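Commentary on secondary and tertiary structure
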Amino acid sequence: MDLLEYQGKQLFRRHGVPVPEGRYAASVEDAMDAAEQLGYPVVIKAQVQIGGRGKAGGIKLASDADEAELHAAAILGMDIRGFTVQEMYVEKASSIAEEYYAAIVFDRSAKKPMAMLSRMGGIEVEEVAERDPEAMRMLHVDPLIGFQEFHGRRLAFEAGIAEDLIRPVGAMLGRLYDVFVGEDATLVEVNPLLVTDERHVVALDAKVTIDGNALFRHPDVAELRDLSAEDPQERMAQDRGLTYVKLDGNVGILGNGAGLVMSTLDVVAQAGGKPANFLDAGGGSKAEAITSAVEVILSDEKVRAVLFNIFGGITRCDEVAKGLIDAFRQIEPDVPFVVRLDGTNDEEGRRLLAEAKLPNVHSEATMLGAAERVVELAG
Amino acid sequence: MSILVDTNTRLCVAGITGREGRFHTLRDRDYGTNVVAGVTPGKGGQDVDGIPVFDTFRAAAAETGANAAMIFVPPRFAADSILEAEDAGIELIVAITEGIPAHDELRVYNHLRRGRSRLVGPNCPGILSPGKANVGIIPAQFFKEGNVGLVSRSGTLTYQIGNELAQRGFGNSSIVGIGGDPVPGSSFIDIIELFEADAQTELIVMCGEIGGSSEEEAAEFIAESVSKPVLAYIAGFTAPPGKTMGHAGAIVSGSKGTAAAKAEALEASGVRVGRNPTQVAEIAVEILGMRV
């Protein structure tokens, strides 16, 4: 779960990470009020999860009320690489002496948290890696020991941080690590990490990703929303407890098991089609679950045909067939379905489907055959 | 031969009194697996269809000589249960549970690496050694004993590929699900190493997917240390970046963890990569010869 900047900063404050004073704003009036309370100059920032907000014009400095109104009106509703700005964050402007980069990342390969620090901040990390790979310093932290003061010191010295900032930058890394562990984050990134004219070290941005599997420990985080990234189908699927990812094609897809569904998308693409979605029905074979899933898939108006790809292990194909037949009684789909049932009780499942004579439902025996058929039907 | 589980396996199941735990434990026992105990705190002294239940792993191991554990408890208690099994000296721990927080998995992984216990999973279908033992939820009826070792990050995709191999006459030495989470207890390398040393295994089939770099690491290991033929399948070529595709670990981050990069790394190490499950089985026929 990716958080917006202002949401990440809420978590930062909780763990003592210094951030500029700021206020959330969902309208131009909100933004003006926020600016008034904070005192000018302020920075008005678009809240979207995509990088390059500044370059796109989504971050503006305002020195008075007129400028604040002008900028807030321009930013609200702005399209930034496909995301429509619906929320803003108004922050007291900070003086900028230095811009660093700091992050705690979940290193899947080393299976340890990794702390990163660079004196080159305020630009894309990839750019730092290209311009001066040595500038990015990193170290792994043993999760059983946690972040120690020496970790912060070592990174700060190695990154060539000025003498007077070694301690505050090290402490900042320690607090970011507290956010990382305390909030079950898989990414905590600050770019830029700011040094003000007064030599204060402040997190000017916040990019935080929280582990979806740990949300039961963080009910407050689970409530957070990102209006700009919300897709109606994904929202609907989430409310129904379905694992669904929206894609941009016209072939609706349902399968059982994440790996098999991914493979199904690939095979449909190989057959020349474009998948409209990823949907893992899991072990669910009940009519209710299937009806619910079919409704989500068909709510995407682009869908021209649907592929059911089931390999029955513990799940029995005859149960899936019954579920599908019941689902068709409740909703009458207006697009063709291709159903491939293989595995446990597959013959019985295919027999039930054939007997039910569902309109516009085609049975196929193999995954490849089913993919070709559905692509043909989608046109 | 086979790897990890066989007729010497003495299985103890955490979560045996739950609905799923009970169902799959009894299926595993019906298959012939020697299930010696269950663990549910507070239910010690009861039994599940004749299988004695203990309050702690310590007691279960002491009373029954259990040497393998299967974890079926809900995600918020699963890390604790794995650590308890390790503490009791259980050598092999198979965690089926899906949804364990990644930070819990990190702590478990780093702790277990310092000891002698091996963890397979979590978020996996378990391990099947056809004809010998089934520890987990793999539908055993599709598989018979043979010379293909199968290791996979996914459940149903494994059944799909395993079934295509079976239709062409191949059986399996063992089938190992290493799971779809970001921090699996055992990696492709760990399992491939065991198959390389297993006399029964003549072909190793690995089934990977987007996310992380374990396939790339395996490619390097195979080039250096594996003499047996390895055949691979990778799922997720059409997955968009930044989206979790069902499995917690299946996510392309920026330009990292793509299916194309994994397939390329494997092919560069001399591993043949099938474009779809059917093609994997066809290549297996080319490598081992027709069995039907």
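Residues numbered from 1 in each chain as written. Chains lettered and ligands numbered in written order. Predicted model: local features only at pLDDT ≥ 70, side-chain atom pairs only at ≥ 80, totals over all residues.

**Points about the overall build of chain A**
- A tally of helices and strands in chain A yields 13 helices and 18 strands.
- Taken along the three principal axes of its C-alpha coordinates, chain A extends 80 × 50 × 40 Å.
- Relative to all contacts within chain A whose residues are 6 or more apart in sequence, the contacts with residues 24 or more apart total 69%. (Helix = DSSP H or I, 4+ residues; strand = E, 2+ residues; numbered from the N terminus. Contact = placed C-beta atoms within 7 Å.)

**So, the domain arrangement of chain A**
- What the domain assignment reports for chain A is domain 1 (21–92), domain 2 (98–222) and domain 3 (231–378).
- For domain 2 of chain A versus domain 3 of chain A, the distance between C-alpha centres works out to 43 Å. (Domains from an automatic or database assignment.)

**Let's talk about helix α3 (residues 75–87) of chain B**
Residue and element names in this part refer to chain B.
- Between the first and last C-alpha of α3 there are 19 Å, a value that for 13 residues agrees with the 18 Å anticipated at 1.5 Å per step.
- Along α3, the positions that sit buried rather than exposed are Ala78, Ala79, Ser81, Ile82, Glu84, Ala85 and Glu86.
- One or two positions beyond α3, positive phi appears at glycine 89, with a value near 85°. (Expected span 1.5 Å × (residues − 1). Buried ≥ 20, exposed ≤ 12 C-beta atoms within 10 Å, placed from the backbone.)

**Overview of the sheet that holds strand β7 (residues 118–120) of chain B**
All names here are of chain B.
- What the seven strands build is an open sheet, ordered β3-β4-β2-β1-β5-β6-β7; its pairing is mixed. At either margin of the open sheet sits one strand with a lone partner, and together these are β3 (47–48) and β7.
- Two strands pair when backbone bridges link them, and strand β2 (residues 35–39) and strand β4 (residues 51–54) are joined in this way by two bridges, in the parallel orientation. Following the sheet pairing, valine 39 is matched in β4 by phenylalanine 54.
- Lying over the sheet, helix α1 (residues 19–31) contacts β1 (11–14), β2, β3 and β4, oriented at roughly 170° with respect to β2. (Pairing = 2+ DSSP bridges. Axes fitted to C-alpha atoms, helices over the stretch in contact; angles between N-to-C directions.)

**Examining the confidence of the model for chain B**
- With 99% of its residues at a pLDDT of 70 or more, chain B has an overall mean of 95.
- If you check the scores for this complex, the pTM reads 0.93 and the ipTM reads 0.92. (pLDDT = per-residue confidence, 0-100.)

**Describing the domain arrangement of chain B**
Residue and element names in this part refer to chain B.
- Each assigned domain of chain B is listed here: domain 1 (11–120) and domain 2 (143–288).
- Averaged C-alpha coordinates put domain 1 and domain 2 at centres separated by 26 Å.
- Contact residues are listed per partner, giving 10 residues for domain 1 and seven residues for domain 2.
- Secondary structure elements with two or more residues in the side of domain 1 that touches domain 2: α4 (102–112) and β7.
- Split into classes, the residues belonging to the side of domain 1 that touches domain 2 amount to eight nonpolar, no polar and two charged. (Nonpolar A, V, L, I, M, F, W, Y, C, P; charged D, E, K, R; others polar.)

**What to know about the pairing of strand β14 (residues 251–255) of chain A**
Residue and element names in this part refer to chain A.
- Along β14, five of the five residues are buried, which leaves the element largely enclosed by surrounding structure.
- Both faces of β14 are covered, namely the face carrying Val251, Ile253 and Gly255 and the face carrying Gly252 and Leu254.
- Looking at chain direction, β14 and strand β16 (residues 305–312) are connected through five bridges and run parallel. Following the sheet pairing, glycine 255 is matched in β16 by asparagine 309.

**As for the nonpolar core**
- Cys12, Ala69, Ile71, Val94 and Val205 of chain B are the most contacted members of the largest nonpolar core, which has 147 residues in total.
- The element that contributes the greatest number of residues to this core is helix α9 (residues 258–270) of chain A, accounting for seven residues.
- The contacts of valine 205 of chain B, once residues within four sequence positions are left out, are Val148, Leu150, Ile161, Leu231, Val280 and Ala284 of chain B.
- Core analysis: the next-biggest nonpolar cluster, separate from the first, contains 62 residues, Leu3, Val85, Tyr100 and Ala203 of chain A among them. (Core = buried A, V, L, I, M, F, W, Y, C linked by C-beta atoms within 7 Å.)

**A closer look at the packing of α9 of chain A against helix α5 (residues 156–167) of chain B**
- Packing of α9 of chain A against α5 of chain B leaves a shortest axis separation of 5 Å and a crossing angle of 65°. Considering their axes alone, α9 of chain A and α5 of chain B lie roughly perpendicular with respect to each other. Contact with α9 of chain A, carried on its side by Gly259, Leu260 and Ser263 of chain A, involves Thr156, Leu157 and Gln160 of chain B of α5 of chain B and no other residues of that element.
- Split by residue class, the contact of α9 of chain A with α5 of chain B holds two nonpolar, four polar and no charged. (Parallel < 35°, antiparallel > 145°, perpendicular 65-115°, else oblique.)

**Focus on the sheet that holds strand β10 (residues 145–152) of chain B**
- Pairing within the open sheet is mixed, and its seven strands lie in the order β9-β8-β11-β10-β12-β13-β14 (chain B). If you trace the sheet from one side to the other, it starts and ends with β9 (133–136) and β14 (272–274) of chain B, each paired once. Strand-to-strand twist across the sheet, computed as the mean angle between neighbouring axes with direction ignored, equals 20°.
- In the sheet, strand β12 (residues 203–209) of chain B pairs with strand β13 (residues 230–235) of chain B via six bridges, with the strands oriented parallel. Counted as the bridge partner of cysteine 207 of chain B is tyrosine 233 of chain B from β13 of chain B.
- Where α9 of chain A meets the sheet, its contacts fall on β12 and β13 of chain B, and the angle it forms with β13 of chain B comes to roughly 85°.
- Helix α9 (residues 277–288) of chain B contacts β10, β12, β13 and β14 of chain B of the sheet and is inclined by roughly 175° relative to β13 of chain B.

**Notes on unusual backbone geometry**
- Each neighbour pair has its own omega, and for tyrosine 40 of chain A with proline 41 of chain A the value is 0°, a cis peptide bond.
- On the secondary structure map, proline 41 of chain A appears in the loop between α2 (28–38) and β2 (42–46).
- The amide bond that connects asparagine 191 of chain A to the next residue, proline 192 of chain A, takes the cis arrangement and shows omega of 10°.
- On the secondary structure map, proline 192 of chain A appears in strand β10 (residues 185–195).
- Positioned with a positive phi, leucine 4 of chain B is a non-glycine residue whose angle comes to about 70°.
- Note that leucine 4 of chain B resides in the segment before β1.
- Using a count of 23 C-beta atoms within 10 Å as the deciding quantity, one classes leucine 4 of chain B as buried.

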